[in-house]
Amino acid sequence: QVQLVESGGGLVQSGGSLRLSCAASGSRYSILAMGWYRQAPGKQRELVATITSGGTTRNADYVKGRFTISRDNAKNTVYLQMNSLKPEDTAVYYCNAHVKSQLTSIEIDYWGQGTQVTVSS
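Predicted model only: the values in this text are computed from it and were never measured. (Residues numbered from 1 in each chain as written. Predicted model: local features only at pLDDT ≥ 70, side-chain atom pairs only at ≥ 80, totals over all residues. Heavy atoms only, no water.)

Q: Please explain the state of the cysteines as it appears in this structure.
A: Each disulfide is one covalent bond, formed between the sulfur atoms of two cysteines. Per the stated rule, a full pass over the model turns up one disulfide. Two residues, Cys22 and Cys95, share a disulfide whose sulfurs are 2.0 Å apart. Note on the Cys22 and Cys95 pair: the S-S dihedral is about -85°, so by sign convention the disulfide is left-handed. With Cys22 in strand β3 (residues 18-25) and Cys95 in strand β9 (residues 91-101), this residue pair connects regions lying 73 residues apart in the sequence. (Disulfide = S-S within 2.5 Å. Helix = DSSP H or I, 4+ residues; strand = E, 2+ residues; numbered from the N terminus.)

This is the structure in structure tokens:
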């Protein structure tokens, strides 16, 4: 079992910044990648950004140049620095960890509880 604890959401004005953090804990798993997804009311969950254990990143087009994902492998923590926020960025942001069991080699996805980000105009 892997637990993900998110922090850093909140209310910010348009043009402002927020930094999300997600710390993973658990034993007998290797974390292959971590990332952030978001879900706005009435919409499907969508990719924001992901980063592998080797540091390869993948970003949604709509956040390029504004959001930066980073990772501290020693702390099993992933960060999302969000700058130049827009009202359309308002959503619940979910942390994801894609892990591999050290016992079975099965790959599993775990999700955090979500953190609300609200951007006012």
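Q: Looking at this structure, how should I read the sheet that holds strand β8 (residues 77-82)?
A: One open sheet holds the four strands; their spatial order is β1-β3-β8-β7, and the pairing between them is antiparallel. Two strands close off the open sheet at either side, each with one partner strand: β1 (3-7) and β7 (67-72). Neighbour to neighbour, the strand axes of the sheet diverge by 15° on average, direction disregarded. (Pairing = 2+ DSSP bridges. Axes fitted to C-alpha atoms, helices over the stretch in contact; angles between N-to-C directions.)

Q: When you look at the side chain of Asn96 in this model, what are you seeing that I'm missing?
A: For Asn96, the location among the structural elements is in strand β9. A polar atom in the side chain of Asn96 sits 3.4 Å from the backbone oxygen of Tyr110. Not counting residues up to four positions away in its chain, the partners in contact with Asn96 are Leu4, Ala33, Met34, Gly35, Tyr37, Asp109, Tyr110 and Trp111. (Polar contact = N/O pair within 3.5 Å; in protein donor to acceptor, adjacent residues only side chain to side chain. Contact = heavy atoms within 4.5 Å.)

Q: What exactly am I supposed to notice about the pairing of strand β4 (residues 29-39) here?
A: Strand residues, when the strand is regular, have side chains that alternate between the two faces of the sheet. Bridge count for β4 against β9 is ten bridges, and the pairing is antiparallel. In the strand pairing of β9, Arg38 is matched with Tyr93. By the bridge criterion, six bridges tie β4 to strand β5 (residues 46-52) in an arrangement that is antiparallel. Directly across from Gly35, in β5, lies its bridge partner Thr50.

Q: Would you mind showing me how to read the packing of aromatic side chains here?
A: Remark: the centre distance and the inter-plane angle together describe each pair of aromatic rings, the angle taken between the planes. Scanning the model with the defined rule gives two aromatic pairs in all. With a centroid separation of 6.0 Å and an interplanar angle of 80°, the aromatic rings of Tyr29 and Tyr110 are classed as edge-to-face. With Tyr29 in strand β4 and Tyr110 in strand β10 (residues 107-111), this residue pair connects regions lying 81 residues apart in the sequence. Relative accessible area serves as the criterion here: at 13%, Tyr110 is assigned to the buried category. A centroid spacing of 5.1 Å and a plane angle of 70° characterise the contact between Tyr37 and Trp111, whose relative ring orientation is edge-to-face. Here Tyr37 is found in strand β4, whereas its partner Trp111 is found in strand β10, with 74 residues between them in sequence. Overall, Trp111 belongs to the partly exposed group, its relative accessible area being 38%. (Phe/Tyr/Trp six-rings, centres within 6.5 Å; stacked < 30°, edge-to-face > 60°. Buried < 20%, exposed > 50% of the residue type's maximum accessible area, 1.4 Å probe, protein only.)

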